[in-house]
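Architecture and fold: a report
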Amino acid sequence: MSDLFGELREKFRAQILRLEAGDPPVITLKREGFLEVVKFLKEQGYNHLIDLCGVDYLNFKPEKKEERFEVVYHLYSIERRELIRLKVPIPESDCWQYSLTPFWKTANWFERECYDMFGIKFKGHPDLRRILMPDDWVGYPLRKDYPLELDEEREWKVYKELKERARSS
Amino acid sequence: MEFSSQSLYAIIITAVSALVLLLVSLFHVAYLTYAERKIIARIQQRLGPNRVGPRGILQPIADVLKLIHKEDIIPSGVDRPVFAIAPLVSLVCAGTGLALIPLWQNFVLSNFNVGLLFILALSSLSAYGVILSGWASNSRYALLGGLRASAQVISYEIAMSLSLLSVVLMAGSFNLQDIVKAQLESPYKVYLIPQIIAFFIFWVSALAETNRVPFDLPEAETELVAGYFVEYSGIRFALFYLAEYFGMVVMSALAVTCFLGGYAGPFEIPGIPFFWFLIKLYFLLFIYIWIRATLPRYRYDQLMGLGWKILIPLGLVNLFMTALLKLLL
Amino acid sequence: MGLSLVEVNSKQRGASSFDEPFYINMGPQHPSTHGVLRLFLELDGETIINCDPKIGYLHRGVEKLAETLNYNQTIVLSDRLDYIASCANNTAFCLAFEKLFGLQVPRRARILRTIVNEMARISSHLLWLATHALDIGAMTVFLYCFRDREWLLNIFEKICGARLTHSYVRVGGVRQDFTLEIIEDLYKFTEVFPERVLEYETLIDVNRIWLERTKNIAVVSAEEAISLGLTGPVLRGSGVPYDVRKFRPYDAYDEVEFEVPIGKNGDVYDRYRVRMEELRQSNKIIRQCLEKLSETEGEPVLPENAPDLLIPERVREPEPKPHPKKGFIFTGKEVPVVPPGEAFASIESPKGELAVYVVSDGTNKPWRLRIRTPSFVHISALPELAKGHMIADLIAIIGTLDVVLGDSDR
């Protein structure tokens, strides 16, 4: 693990924000140049993308985060049996991230879900649309400023129509 | 033409016996569903219907009452006249065949010379019911079911005709009564022994003709939901089921007639004229049910492959061999 | 495509010319899509040109809900993910929370967890075999499998009172110990079960139609499978021996001996073989764990420092030494129960790798709870696998991926 860190530090000095050893080790990366680091890691044997998800750090108390969003990746090397976590902070005003679909086909749906839930766009994604929510849904449900229960006028319009139709008949 | 009293008498006799035959066969079909549910339940280690009457014996009657009382839904967008008539086409074509089967030496409703051909023609026609219902429903699942049915019936019809042709060749007649008689005069007594290959082909094709497992592709409930009758409800739905079970009975009766020596048995049982015929029929119907409980379903292209690559060449070879032997002996 | 539930796709209407492909909408109400999976199929005859799975019909927003519940309450939500093997989901959640809290699980609790996990695996695989066989058309296997699953569910009922949504695993351990009756029942079950597996195999294993329907269908190479993110028996069917129980052992899996069966060709048949072999291995694991249970007789199943069912937001810290008369004296200093930080745990659920990533902000509720479910990933692989196959094969493929829509939609 330490030699991987050494190599990363040497090669991608500009892209890496933070390296934390631990279980699992965490690498915080800048968005720019992110794809190169992932490519390098994949060559190093981290071939299994376990998970990809977004986290919203709006008003997160314990720690001051510079950016609102973070995209978190969990990579696993099946040969070396090692897990690492990658984090990429994403600013709210410029809300996009590079897509991993060229490297893993499974990233396709993970990124669609992340877009659906957080509104983070993925550059290079072949088919970025909503996945769990209906296509005409307004808002991104897993953002911290999205309420748990919507008030009546903000309800999904199809649902409103159905309700009205049921009432009138 | 003038009706003499004798011909009037003959007409009445025929009408009465036709009615009796219809009622008896309807009874058989109703209890075939009960038998199927019971036997499959036994095979699958459960009880089966046991609520209506002792041991659920009245279940078929309850089912019929329920289906008659149900609303007959005709969805919007269907081709109404065709939609309404398709189940009847299926049922009539499947059921009429029974009139030609010699149930007993002295009992055959309509004994005419091309009986076998007539039954084959009817069973091909019954595919029309399926295709028409698939088309008229204006539903994609039903259409796919109808397509599968037409392809299946066309390819298996050939194999079935080839297998029956060998029987015709041996008996020298298309008349079903004559075929039974020829069997009894032959040294084997039943055509099952010399024509075992033909019987195998016939049986597989019969399964396919009646859309039974493992060839129930047109109605494959896990793929096409219910295939061609997905849009039907109530009594029309019941008619399709009736047609399927009539088809089973007719095919089994045909197999009994052509391969198992018809009404003849190893010894005569006084007082019960149809005994041997019914025993053989029930045995074949049991095999139908047994297969349903055991086998998975074929895939569309595998089914076609089986029909065209195995059964039809086999049937041709069998027919050729039969002709050759008949020529030599 | 498919803007809403009410609207019919405009492409579907008015397909007049003959060379246009045939569109069919499979699901969300369809007998063999195992729930509310909707597949938008583009067909050429019966061959699938394109397949677009649409999920979300069972989306209950578990991740959002979890942010408003405290840690122990989220375990009840986890039952509803993969409702066929709820103990596995409970375990994944608890493992992540324990890592976050820094809890040590007592050995007996770990063994008990292993047992219920393997029971969940058997019950899930039995249900899979039943429905997979039924989809392909063999209806007798269905009822044979349900007979034995019934037995297992009765044991579950004795263990925790529930048959489907167990919530048996708790943060720190398990809810209660096994009684002697349960252990006896399990001994009986494990003795009979291998024969039962053989019984299912005799029903379909040498059946020619079964072989024709499953061999060389939906072949996935090892590399392709990893790229598609497939895990669990589906990945192992392609010959990759990746099993979280072996690679990152949790609970008592490092104490028991078992093999990880792998396939060769990566087709539907190999995955079927892998799962059948897993049934036997699970049985073996339960057997070994039962013997270990007698070694740990009487030990606690929940550590003393396990959090209360209702975790308070903060607790006051007592003085280090108790006062001789007044008991504890509170100094007034408040400490959070849950340390801020993040934790990741993954387990080998019956369907595949189930991973939970939890971020804590120090309160009693998770800041973010991310669940990576195997079914979600497996459905995402469906278009790749189904392309070029026929509708009947699609049914077999959905069956072989073993998807549960509650698991995929969350």
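Calculation rules
- Residues numbered from 1 in each chain as written.
- Chains lettered and ligands numbered in written order.
- Predicted model: local features only at pLDDT ≥ 70, side-chain atom pairs only at ≥ 80, totals over all residues.
- Heavy atoms only, no water.
- Axes fitted to C-alpha atoms, helices over the stretch in contact; angles between N-to-C directions.
- Helix = DSSP H or I, 4+ residues; strand = E, 2+ residues; numbered from the N terminus.
- Parallel < 35°, antiparallel > 145°, perpendicular 65-115°, else oblique.
- Left-handed = near helix turned anticlockwise from the far one by under 90°.
- Nonpolar A, V, L, I, M, F, W, Y, C, P; charged D, E, K, R; others polar.
- Buried < 20%, exposed > 50% of the residue type's maximum accessible area, 1.4 Å probe, protein only.
- Contact = heavy atoms within 4.5 Å.
- Polar contact = N/O pair within 3.5 Å; in protein donor to acceptor, adjacent residues only side chain to side chain.
- Pairing = 2+ DSSP bridges.
- Buried area = accessible area lost by both parts, 1.4 Å probe.
- Salt bridge = Lys/Arg side-chain N within 4 Å of Asp/Glu carboxyl O.
- Patch = residues over 30% accessible without salt bridge, like charges linked within 9 Å, V, L, I, M, F, W, Y side chains within 5 Å.
- Areas by Shrake-Rupley, 256 points an atom, 1.4 Å probe, with all protein chains shown as cover.
- Expected span 1.5 Å × (residues − 1).
- Bend = angle between axes of the 7 residues up to and from the residue.
- Core = buried A, V, L, I, M, F, W, Y, C linked by side-chain atoms within 4.5 Å.

Residue and element names in this part refer to chain C. Contact pair helix H6 (residues 180–204) / helix H11 (residues 268–295): the axes reach a minimum separation of 10 Å and the direction vectors enclose 165 degrees. The angle between the axes of H6 and H11 places the two elements in the roughly antiparallel class. The two elements H6 and H11 cross, and the hand of that crossing is left-handed. For the contact of H6 with H11, the per-class residue count stands at 16 nonpolar, two polar and six charged.

All right, on to the environment of C:Glu255 then. Residues and elements named next belong to chain C. One can find Glu-255 in the loop between helix H10 (244–247) and H11. Given a relative accessible area of 25%, Glu-255 falls into the partly exposed group. Remark: the alpha-carbon pair of Glu-255 and Ile-285, spanning 30 residues in sequence, is separated by 9.8 Å. Setting aside residues no more than four positions away along its own chain, Glu-255 makes contact with Arg-107, Arg-110 and Lys-292. Polar side-chain contacts of Glu-255 include one of 2.9 Å to the side chain of Arg-107.

To continue, consider the sheet that holds strand S2 (residues 26–29) of chain A. Residues and elements named next belong to chain A. Ordered by their spatial adjacency, five strands build an open sheet running S1-S2-S5-S4-S3, and the pairing between neighbours is mixed. Looking along the sheet, the strands with just one partner apiece sit at the ends: strand S1 (16–20) and strand S3 (48–56). Adjacent strand axes in the sheet meet at a mean angle of 15 degrees when their direction is disregarded. Taken together, the nine bridges between strand S4 (residues 69–77) and strand S5 (residues 82–90) define a ladder with antiparallel strand orientation. Across the sheet, the residue bridging to Phe-69 is Ile-90, located in S5. In this fold helix H3 (residues 107–118) packs onto S3 and S4, with an angle of close to 5 degrees to the strand it touches most, S3.

Below, the discussion takes up the interface of chain B and chain C. Between chain B and chain C, the contact holds 26 residues from the first and 34 residues from the second. Summing both partners gives a buried area of about 2,700 Å² for chain B against chain C, and 57% of it is carried by carbon and sulfur. Between the two partners, chain B and chain C, sit two salt bridges. One salt bridge connects C:Asp393 with B:Arg299, and the closest N-O pair in it is separated by 3.0 Å. Counting every contact that joins chain B to chain C gives 10 residue pairs in polar contact (both at pLDDT 80 or more). For the side of chain B that touches chain C, the secondary structure elements donating two or more residues are helix H1 (5–43), helix H5 (140–171), helix H8 (221–224), helix H10 (275–294) and helix H11 (300–328) of chain B.

Pairwise contact counts over the two pairs of chains in contact peak for chains A and C. In this assembly chain A lies apart from chain B, the nearest approach of their C-alpha atoms being 20 Å.

Further remarks concern the pairing of S1(A). Here four bridges tie S1(A) to S2(A), and the two strands are oriented antiparallel to one another. Pairing of A:Leu19 across the sheet is with A:Ile27, part of S2(A).

Residues B:Val317, B:Phe320, B:Met321, B:Leu324, B:Leu325, B:Leu327, B:Leu328 and B:Leu329 make up a contiguous nonpolar surface patch of about 930 Å² in total accessible area. Under the relative-accessibility criterion, B:Leu329 is labelled exposed at 83%.

The next subject is unusual backbone geometry. Residues other than glycine seldom take positive phi values, yet A:Asn59 does so here, at roughly 55 degrees. The residue A:Asn59 is located in the loop between S3 and S4 in this model. Among the residues examined, A:Asn59 registers a relative accessible area of 62% and is labelled exposed. Despite not being glycine, B:Asn138 has its phi angle at roughly 55 degrees, a positive value. Residue position: B:Asn138 is located in the loop between helix H4 (115–136) and H5. Relative accessible area serves as the criterion here: at 59%, B:Asn138 is assigned to the exposed category.

Helix length check: H11(B), at 29 residues, gives a terminal C-alpha distance of 41 Å against a target of 42 Å (1.5 Å per residue), a fit within 8%. B:Leu311 marks where H11(B) bends most, by close to 30 degrees; the proline B:Pro313 follows one to four residues later. Buried within H11(B) are the following residues: B:Gln302, B:Leu303, B:Met304, B:Gly305, B:Leu306, B:Gly307, B:Leu311, B:Ile312, B:Gly315, B:Asn318, B:Leu319 and B:Thr322. Buried residues in H11(B) make contact with H5 and helix H7 (196–209) of chain B together with helix H7 (208–214) of chain C.

Residue and element names in this part refer to chain C. Read across the open sheet, the three strands follow the order S1-S2-S3; overall the sheet is antiparallel. The outermost strands of the open sheet, each flanked by one partner alone, are strand S1 (22–26) and strand S3 (47–54). Strand-to-strand twist across the sheet, computed as the mean angle between neighbouring axes with direction ignored, equals 20 degrees. As judged from the seven bridges shared by strand S2 (residues 38–44) and S3, these two strands associate in the antiparallel manner. Paired with Leu-39 across the two strands is Pro-53, which belongs to S3. Each of S1, S2 and S3 is contacted by helix H14 (residues 391–401), which is oriented at about 150 degrees to S2, the strand it contacts most.

For the rest of this paragraph, the subject is the nonpolar core. Counting residues in each nonpolar core, the largest one holds 183 residues, and the members touching the most others are A:Tyr73, A:Leu86, C:Ile115 and C:Phe178. The element best represented in this core is helix H4 (residues 107–136) of chain C, accounting for 14 residues. With near-sequence residues (within four places) excluded, A:Leu86 lies in contact with A:Ile27, A:Leu29, A:Phe34, A:Val38, A:Leu41, A:Val71, A:Val72, A:Tyr73 and A:Leu75. B:Leu98, B:Tyr245, B:Leu260 and B:Leu285 belong to the second largest nonpolar core, which has 68 residues in total.

Turning our attention to the interface of chain A and chain C. Facing the 50 residues of chain A at the interface are 50 residues of chain C. Taking both partners together, chain A and chain C bury about 4,200 Å²; carbon and sulfur atoms supply 62% of that area. Between chain A and chain C we count nine salt bridges in total. A salt bridge links A:Glu113 to C:Arg370, with the nearest nitrogen and oxygen atoms 2.9 Å apart.

It is worth spelling out the environment of C:Val377 at this point. Residues and elements named next belong to chain C. Looking at the secondary structure, you find Val-377 in helix H12 (residues 374–380). Judged by its relative accessible area of 1%, Val-377 is buried. Here the alpha-carbon distance between Val-377 and Tyr-269, two residues 108 residues apart in the chain, equals 21 Å.

Residues and elements named next belong to chain C. The end-to-end C-alpha separation of helix H5 (residues 139–160) is 31 Å, in line with the 32 Å expected for 22 residues at 1.5 Å each. For H5, the set of buried residues is Thr-140, Val-141, Tyr-144, Cys-145, Asp-148, Arg-149, Leu-152, Leu-153, Ile-155, Phe-156, Ile-159 and Cys-160. Just downstream of H5, Gly-161 is the residue with a positive phi angle, here 90 degrees.

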